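What the coordinates show
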Amino acid sequence: MKNGGSDPVLESGEELEIMEPNGIELGHKENVYEFDDLVNGTDVDNEDAFRTRKRPDKDGSGQVSVMEVIAADEKRSDVEYELSQKEINLEKLRRIASMGLPDGGGLRATAWKLLLGYLSPSHDLWEKELTENRQKYAMLKEELLLSPHTEIAEQIDRDLLRTHPDMKFFSGESSFSKKNREAMRKILLLFAKLNPAIRYVQGMNEVNAEADSFSCFVRLLSDSVDHFCQQLDNSPVGILSTLSRLAELLKENDEELWKHLEFTTKVKPQFYAFRWITLLLTQEFNFQSILRIWDSLLSNPFGIQDMLLRICCAMLLCMKSRLLSGDFAANLRLLQHYPDINIEHLLRVAQDLSADTSSYSLSL
Amino acid sequence: MSAYRADEDYDYLFKLVLIGDSGVGKSNLLSRFTRNEFNLESKSTIGVEFATRSIRVDDKIVKAQIWDTAGQERYRAITSAYYRGAVGALLVYDVTRHVTFENVERWLKELRDHTDANIVIMFVGNKADLRHLRAVSTEDAKAFAERENTYFMETSALESLNVENAFTEVLTQIYHVVSRKALDIGDDPAALPKGETINVKDDVSAVKKVGCCSV
């Protein structure tokens, strides 16, 4: 194991972050990202195929310094090193992932599979596990997709055409996007078949990107599946209680803001955080930011839901001054169209929240 | 008739809800009315989305606060909370998908279960531009509207057809109810507290008629 070497690198990476004042609007979200091969990184051997284009420098001052490039490279080699170990240290992988995984090279894909528990930490087992899983999936497909529920299938088809219309991976008439949509369609249909109490709920198409993705999707949703289940709406694991936990968390961390939202302007979490939580924030940020946020969600030792609530709360705190000066309509508009924000800053605020959501979180 | 106005400057604030099956075009009706935008590939609405626009009715500024709700069955239990305080509704179906017309009755029931009995309802057949795909006749829809005592229009968010009319008609009707009520009590309507959503307590049905603007 490599000791000591990685931490200083991560810290220096942090120092280079450019802090932005709260609530600054940085213009429209750009869609300059190639799809980072969400979970199926193994199929792509050419790294350039999923390298993301650099976002335009916000300050225009060429802040992407040599130091930053070096830090990124070191982070990459850290992750590569970790993933090459015979026995992967999940603890360490979590720590690295929580600071953000490097783009490209399929590193994120492999790391996410490990964090989700889809791959075991023993490198030697991977080939066997993946082969088995892919066979299992092929069998499931054969058994269950012969007679798809037409109403569900129609709904899924309608939504697939509306999934990230701004991304080449999903939209357009290319054979590439058609193939991806077809894979997603099968995954969602299969999930609906296997989960009759939940079936298909609009929004799932946003969360999922064929065999490996399916298993990862199932694991990912196992933590939040209750939110999709109508029968559980009023139960302690349902979406309504999760929304009230968010309100609790905000109250604990900033009572002034909580009061202003809850009573003065009557902007309830139901009105803005419902989508944040059910879609794991995939509609609120640009794609690169979503990947970064998911690194934190998946690497949180207390589970996805704990980090998700923290980030939602941080999203409110980071907009505090604007929210305090806004009325009902202005605040709702702001929260339903969350402005671009420094993601590292947001995640730090989330991490530093004083409350422990794990006490009422049933996850993990 | 109507112009885009500064947000704060209004005499009345009315809350409207957009309801109907998934994929009938609720969000595009909203974006057409509030931003004059249409997006063929808009995302499905999760939970609720919200937009405002002010229009002039008589010499008053009426601000519409419009709640666009998710259409899928699963979301109904949650979205019902969004109905609170609504004084107007656009109940939307897709003229090319008959099932969305069949489901309108359920939507109507849900609406009436959760809102004031005097809510002004506009029954809207959207996607009227897709003439070759039409599956619901104007006559059937009109008959339904008459039976249920709601207003009715066919619209096309894509072609910007009747969208303005549908919203304006609802807002105008609500305004008439409210101002008539105020007149009856000899009250100044402008004296109504700003920022408060007005509840239609008066009997709206008396002024209801089926407005027909088929295409």
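Given the structure is predicted, the values throughout are model-derived calculations rather than measurements.

Conventions adopted
Chains are numbered independently. Their residues run from 1 in the order of the written sequence. As they are written, the chains are lettered A onward and the ligands numbered 1 onward, keeping that order. Per-residue local features of the predicted model are confined to residues with pLDDT of at least 70, and side-chain atom pairs are confined, for both listing and counting, to 80 or more; whole-chain, interface and lining totals are unaffected and use all residues. Excluding hydrogens and water, the side-chain figures rest on all heavy atoms present in the structure. Put simply, DSSP marks the helices as runs of H or I at least four residues long and the strands as runs of E at least two long, and each gets a number from the N terminus on. Only protein chains enter the accessibility calculation, which uses a 1.4 Å probe; a residue whose area is less than 20% of its type maximum is buried, one above 50% is exposed, and one in between is partly exposed. Contacts were defined at the residue level, with two residues in contact if any of their heavy atoms lie within 4.5 Å. With residues, only the protein chains shown are counted as cover, and all accessible areas are computed by Shrake-Rupley using a 1.4 Å probe. The pairing criterion is simple: DSSP has to find at least two bridges between the two strands. Structural elements are reduced to axes, namely lines fitted to C-alpha atoms, with helices fitted over the stretch in contact, and the angle between N-to-C directions of any two is expressed from 0 to 180 degrees. Pairs of N or O atoms within 3.5 Å make up the polar contacts considered here, provided that, within protein, one atom can donate a hydrogen while the other can accept it, and that residues adjacent in sequence are counted only when both atoms are side-chain atoms. Only Phe, Tyr and Trp rings are paired, with Trp represented by its six-membered ring, and only when their centres lie within 6.5 Å; those with planes under 30 degrees apart are stacked, over 60 edge-to-face, the remainder tilted. Both a distance and an angle decide whether a charge sits over a ring: NZ of Lys or CZ of Arg must be within 6 Å of the ring centre and within 35 degrees of the ring normal. A pairing counts as a salt bridge when a side-chain nitrogen of Lys or Arg comes within 4 Å of a carboxyl oxygen of Asp or Glu.

Helix and strand counts for chain B stand at six helices and six strands. The secondary structure elements of chain B, listed N-terminal to C-terminal, are β-α-β-β-α-β-α-α-β-α-β-α. Looking at chain B residue by residue over its 215 residues, the buried ones come to 58%. Relative to all contacts within chain B whose residues are 6 or more apart in sequence, the contacts with residues 24 or more apart total 77%. Carbon and sulfur atoms make up 48% of the accessible area of chain B, which totals about 8,600 Å².

Let's shift gears to unusual backbone geometry. Positioned with a positive phi, Lys266 of chain A is a non-glycine residue whose angle comes to about 55 degrees. Mapped onto the secondary structure, Lys266 of chain A falls in the loop between α11 (255-264) and α12 (269-278). Overall, Lys266 of chain A belongs to the exposed group, its relative accessible area being 51%. A positive phi angle, close to 70 degrees, is found at Lys127 of chain B, a residue other than glycine. Within the secondary structure, Lys127 of chain B sits in the loop between β5 (120-126) and α5 (138-148).

Residue and element names in this part refer to chain B. With mixed pairing, the six strands of this open sheet are ordered in space as β2-β3-β1-β4-β5-β6. Whereas interior strands pair on both sides, the edge strands pair on one side only; in this sheet they are β2 (48-57) and β6 (151-154). Along the sheet, successive strands turn relative to each other by an average axial angle of 25 degrees, direction set aside. One ladder, built from four bridges, connects β5 with β6; its direction is parallel. Paired with Gly125 across the two strands is Glu154, which belongs to β6. The strands touched by helix α1 (residues 26-35) within the sheet are β1 (12-19), β2, β3 (60-69), β4 (88-94) and β5, with β3 carrying the most contacts at an inclination of about 155 degrees.

Attention now goes to the environment of Lys86 of chain A. Residues and elements named next belong to chain A. Position of Lys86 relative to the elements: it lies in the loop between α2 (66-84) and α3 (90-98). Among the residues examined, Lys86 registers a relative accessible area of 59% and is labelled exposed. Residues Lys86 and Asp124, 38 residues apart in the sequence, show an inter-C-alpha distance of 6.8 Å. Other than its neighbours up to four places away in sequence, Lys86 contacts Pro121, Ser122, His123 and Asp124. Of note is the side chain of Lys86, whose polar atom sits 3.1 Å from the side chain of Asp124.

Another point: the pairing of β3 of chain B. Residues and elements named next belong to chain B. Of all ten residues making up β3, ten are buried, and the element is well covered by its neighbours. Across the two faces of β3 the burial is the same, with Lys60, Val62, Ala64, Ile66 and Asp68 and Ile61, Lys63, Gln65, Trp67 and Thr69 all buried. Examined bridge by bridge, β1 and β3 share seven bridges and lie parallel to one another. Counterpart to Leu18 in the pairing with β3 is Asp68. The pairing of β2 with β3 spans ten bridges and is classified as antiparallel. What sits directly across from Val48, in β3, is Thr69.

A few words on the packing of aromatic side chains. The final tally for this structure, using the stated rule, is 21 aromatic pairs over all chains. Taken together, the ring pairs connect Phe271 and Phe328 of chain A together with Phe50, Trp67 and Tyr82 of chain B into an aromatic cluster. The residue whose ring lies beneath Lys15 of chain B is Trp67 of chain B, and the NZ or CZ to ring-centre distance is 4.2 Å. Above the plane of the ring of Phe33 of chain B lies Arg53 of chain B, whose end atom (NZ or CZ) is 4.5 Å from the centre.

All names here are of chain A. Counted according to the given criterion, the structure contains 21 salt bridges over all chains. For Glu284, the salt bridge is made with Arg275, and the minimal N-O distance between the two is 2.9 Å. Overall, the relative accessible area of 10% leaves Arg275 in the buried class. Put simply, Arg292 and Glu344 hold a salt bridge, and the shortest N to O gap is 2.7 Å.

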